[in-house]
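Remarks on the overall topology
Read off the chains here:
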Amino acid sequence: MSKSLIDLISILDLEPLEVNLFRGTSPQTSWQRVFGGQVIGQAMVAGCRTVENRLPHSLHCYFILPGDPAVPIIYEVERLRDGKSYTTRRVTAIQHGQAIFSLMMSFHDDEETEFDHQDKMPDVPPPEALSAEEIVKQPFFKEMPDFIKRYYESDRPIELRPVELSRYFGQKIEDGRIHVWIRTAAKLPDDPALHMCALAYASDFSLLDAVMARYGRTLFDKRMMPASLDHAMWFHRPFRADEWLLYVQDSPSAQSGRGLTRGMIYKADGTLVASVAQEGSVRQRRDLPRT
């Protein structure tokens, strides 16, 4: 079993403490706060463990306070509704006696319908064309920022292969639309709920970068103080998070220190499997001059 798989499974495998009460921990990293996708994924796991025979179809959440990676996170689940077709759960993440995150989840029985349509997947290079072996052949690789090289070199739970590499050299994306291939770094068990939780974990990666793309900047810009404020996700069709998925992102608006981003996630065959929306803080550090 690879280190990446062990890491992801351990992140999402919560310890049951009591009925409706779970405890999660953070991996040892250099991050000063808990990664937002981790809290989303762990809260989803907590909610899923209180529901039988139904999968989540949507979630809506708010980030209230930064999470402390050195302290376990307590997840309290409230069973709001168990209906004939829908089930509703509210999950609160707690640290130091305070709520740091709140999640609402809805579960639904699969049913037949005459309505079935989706937007078409954009035509972009396949993930194989963006592998480390292919990227190092490009003349610009030596000039590529170190943080992008680490996408291909580090052992992380989620593999990321950005399509628009030129934006890391300052090129502006006028409409803010960017594309990233994502998948878990190793194969996951055949549990549909786990794959949904893993995709929710991954969905917070790079999403606010769609705001920065319009300005030829990135979230790795040390002048910025990015932070997720709220996050919503809808699951449409079955998928595996350990197979390549195309994350199509854009940003229709930014104002007052906040940026709105949207995402659509497709299987490699063009099937739309999930949609995402997020608003985040995209303020510049106050101790630096504005540009």
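This one's a predicted model, so the numbers in the text were calculated from it and none came from an experiment.

1. As for the overall build of the chain
For the chain, the count of helices and strands is 6 helices and 12 strands. For 291 residues, the compact-globule formula gives about 19 Å, and the C-alpha radius of gyration of the chain, at 19 Å, lands near that figure. Overall, the chain is about 55 × 50 × 40 Å in size when its C-alpha atoms are taken along their principal axes. Put simply, 70% of the contacts in the chain that link residues at least 6 apart link residues at least 24 apart. Computed over 35 positive and 40 negative side-chain charges, the separation of the two mean positions in the chain equals 6 Å.

2. Some thoughts on the state of the cysteines
Taken as a whole, this structure holds 0 disulfides when the rule is applied. Note on C48: no disulfide assigned, nearest cysteine sulfur contributed by C197 at a separation of 4.3 Å. Relative accessible area serves as the criterion here: at 13%, C48 is assigned to the buried category.

3. Overview of the nonpolar core
Counting residues in hydrophobic clusters, the biggest one holds 54 residues, and the most contacted among them are Y75 and F101. The two domains that each donate at least three residues to this core are domain 1 (1-109) and domain 2 (126-290). Residues I135, Y168, L246 and V248 belong to the second largest nonpolar core, which totals 14 residues.

4. Focus on the domain arrangement of the chain
In terms of domain boundaries, the chain breaks down into domain 1 (1-109) and domain 2 (126-290). A straight line from the C-alpha centre of domain 1 to that of domain 2 covers 22 Å. Taken together, the contact between domain 1 and domain 2 spans 28 residues of the former and 29 residues of the latter. Summing both partners gives a buried area of about 2,400 Å² for domain 1 against domain 2, and 72% of it is carried by carbon and sulfur. Here domain 1 is connected to domain 2 by 5 residue pairs in polar contact (both at pLDDT 80 or more). By residue number, the principal contributor to the side of domain 1 that touches domain 2 is strand β3 (residues 55-63), which donates 9 residues. Each residue belonging to the side of domain 1 that touches domain 2 can be placed in one class, and the counts come to 16 nonpolar, 9 polar and 3 charged.

5. Examining the pairing of strand β4 (residues 73-82)
Note that strand β2 (residues 21-24) and β4 share 4 bridges and pair antiparallel. If you follow F22 over to β4, its bridge partner there is Y75. Across 8 bridges, the pairing between β4 and strand β5 (residues 86-95) is antiparallel. Along β5, the bridge assignment pairs I74 with I94. Hairpin connection from β4 to β5: 3 residues lie between these consecutive antiparallel strands.

6. Topic: the packing of aromatic side chains
Overall, the coordinates contain 5 aromatic pairs when judged by the stated rule. Between Y201 and F205 the ring centres are 6.0 Å apart and the planes differ by 70 degrees, which places this aromatic pair in the edge-to-face class. Assigned by exposure class, Y201 and F205 land together as buried. Through successive ring pairs, a cluster of aromatic residues spans F35, Y201 and F205.

7. Some details on the side chain of D204
With respect to the secondary-structure elements, D204 resides in the loop between α5 (192-203) and α6 (209-213). No salt bridge is formed by the buried D204; the nearest opposite charge belongs to R33, separated by 8.5 Å. Of the polar contacts made by the side chain of D204, one reaches the side chain of S228; its length is 3.0 Å. Leave out the neighbours within four places in its chain, and D204 touches F35, G36, G37, S228, H231 and Q278.

8. Description of the confidence of the model for the chain
The predicted model of the chain averages 89 in pLDDT, with 90% of residues at 70 or higher. Predicted confidence is poor over residues 287-291, with pLDDT under 50, and the contacts of this stretch with residues over four places away or in other chains come to 7 contacts.

9. Comments concerning the UniProt feature "domain: Acyl-CoA thioesterase-like N-terminal HotDog" (unreviewed entry) in the chain
Mapped onto this structure's residue numbering, the UniProt feature "domain: Acyl-CoA thioesterase-like N-terminal HotDog" (unreviewed entry) falls at residues 31-108. As annotated, residues 31-108 has a helix share of 17% and a strand share of 51%, and its two end C-alpha atoms lie 36 Å apart.

10. Here we look at the environment of P122
Relative to the helices and strands, P122 is located in the loop between β6 (98-108) and α3 (132-135). P122 sits 148 residues away from G270 along the chain, and the two C-alpha atoms are 8.4 Å apart. Here P122 is in contact with R177, H179, L246, V248 and Y266, once residues within four sequence places are set aside.

11. Some words on the packing of helix α2 (residues 36-48) against α5
Two elements in contact, α2 and α5, have axes separated by 7 Å at closest approach and are oriented at 155 degrees. Accordingly, the angle class assigned to the pair α2 and α5 is roughly antiparallel. Here α2 and α5 pass one another in a crossing that is right-handed. For the pair α2 and α5, contact is made by G37, Q38, I40, G41, M44, V45 and C48 and by A193, M196, C197, A200 and Y201, respectively. Across the contact of α2 with α5, the residue classes tally to 9 nonpolar, 3 polar and no charged.

Cut-offs and rules
- Residues numbered from 1 in each chain as written.
- Predicted model: local features only at pLDDT ≥ 70, side-chain atom pairs only at ≥ 80, totals over all residues.
- Heavy atoms only, no water.
- Helix = DSSP H or I, 4+ residues; strand = E, 2+ residues; numbered from the N terminus.
- Rg over C-alpha atoms; globule rule 2.2 N^0.38 Å.
- Contact = heavy atoms within 4.5 Å.
- Lys, Arg positive; Asp, Glu negative; His and termini not counted.
- Charge placed at Lys NZ, Arg CZ, Asp CG, Glu CD.
- Disulfide = S-S within 2.5 Å.
- Buried < 20%, exposed > 50% of the residue type's maximum accessible area, 1.4 Å probe, protein only.
- Core = buried A, V, L, I, M, F, W, Y, C linked by side-chain atoms within 4.5 Å.
- Domains from an automatic or database assignment.
- Buried area = accessible area lost by both parts, 1.4 Å probe.
- Polar contact = N/O pair within 3.5 Å; in protein donor to acceptor, adjacent residues only side chain to side chain.
- Nonpolar A, V, L, I, M, F, W, Y, C, P; charged D, E, K, R; others polar.
- Pairing = 2+ DSSP bridges.
- Phe/Tyr/Trp six-rings, centres within 6.5 Å; stacked < 30°, edge-to-face > 60°.
- Salt bridge = Lys/Arg side-chain N within 4 Å of Asp/Glu carboxyl O.
- pLDDT = per-residue confidence, 0-100.
- UniProt positions renumbered as here; feature names shortened; annotations may be inferred.
- Axes fitted to C-alpha atoms, helices over the stretch in contact; angles between N-to-C directions.
- Parallel < 35°, antiparallel > 145°, perpendicular 65-115°, else oblique.
- Left-handed = near helix turned anticlockwise from the far one by under 90°.

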